[in-house]
Amino acid sequence: MQVRITDYTIRTATAADLDAARAVMLDTVYRDFGTGYVPRWHGDIIDLDGAYVAPERHTLLVAVDAEGEAVATAALDSRGPAHPPNPRHVAEKYPSGFTAQLRRVYVRPEHRRRGLARRLVDELLEFAAADGGYQAVYLHTDPVVTGAEPFWRSLAKVVHDEREDAGGGQGIVHFDVPMP
C-alpha cells in the first residue's frame, strides 16, 4: 500500500510526545546502529526536554501517522560538533552558538521512502533560518545505517569522510547543509 505524505502530521513535540519520540530514537539506536543506548552518544535521547524542547534555539519535531502514532523524529540544536571525537577542523568550522546541528532524523522502517525525512529536514531548516543567528547547518551520519548516506548526499555537501582518514577514524561522514 502506498501512503501519501499527507497521511502524516509533522509538529513540534510537546511534553506529551516525548515518550513516543524517545521510543522511535531508542528503537533506531538498537536496530539500525547496532550499538544500543550509549550514554556519551545518546544522553540527549533520555533528556529530550532538556536537550531540545526547553532551550529557545532548539527544537524537536515528531511525525505522526493517521492513527496518531509517532513514526519519525528530527531535532536541531545549537551545539556544534565537539573535538574529540570529531576531527578538529570540523569542530572549528562549525562552532557552537553559530551552528544549527541536525540530530535524530529517524524514521521507523515501515514508514521510510515516503518523503518524511526530507519533510522533517525542510522544517528544521526553516526553523534554523527563522532563528536568524545560525551561520551554518551541520550534521554527521553513520554510513552503516541503511539509506542514511545517500539521503544526506542528496541534500548536503560532504565536508569530511572519516573513512578516508588513516585508520578510518570513526567511519562517520560529516555534512554541510545549505541554509535556506
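For the structure, check the block above.
All of these numbers come straight from a predicted model, not from anything done at the bench.

### Looking at the overall build of the protein
And step 1. Regarding its fold elements, the protein presents six helices and seven strands.
And step 2. Helices and strands in the protein line up, N terminus first, as β-α-α-α-β-β-α-β-α-β-α-β-β.
And step 3. By the compact-globule yardstick of 16 Å for 180 residues, the protein fits well, its C-alpha radius of gyration being 16 Å.
And step 4. Its C-alpha atoms give the protein principal-axis dimensions of about 45 × 35 × 30 Å.
And step 5. Every one of the 180 residues in the protein was classed for burial, and the buried ones make up 48%.
And step 6. Long-range contacts, defined here as pairs at least 24 residues apart, represent 64% of the contacts in the protein between residues at least 6 apart.
And step 7. For the protein, the accessible area works out to roughly 9100 Å², and carbon and sulfur atoms hold 52% of it.

### Some points on the pairing of strand 7 (residues 173-177)
And step 1. When you tally the buried positions in strand 7, you get four out of five residues, the bulk of the element.
And step 2. Here strand 5 (residues 136-141) pairs with strand 7 via five bridges, running antiparallel. Its bridge partner being in strand 7, valine 137 is matched across the sheet by valine 177.
And step 3. When strand 6 (residues 157-161) meets strand 7, the two strands line up antiparallel, connected through four bridges. Residue pairing in the sheet places valine 158 in a bridge with phenylalanine 175 of strand 7.

Criteria and thresholds
Residues numbered from 1 in each chain as written. Predicted model: local features only at pLDDT ≥ 70, side-chain atom pairs only at ≥ 80, totals over all residues. Heavy atoms only, no water. Helix = DSSP H or I, 4+ residues; strand = E, 2+ residues; numbered from the N terminus. Rg over C-alpha atoms; globule rule 2.2 N^0.38 Å. Buried < 20%, exposed > 50% of the residue type's maximum accessible area, 1.4 Å probe, protein only. Contact = heavy atoms within 4.5 Å. Areas by Shrake-Rupley, 256 points an atom, 1.4 Å probe, with all protein chains shown as cover. Pairing = 2+ DSSP bridges.

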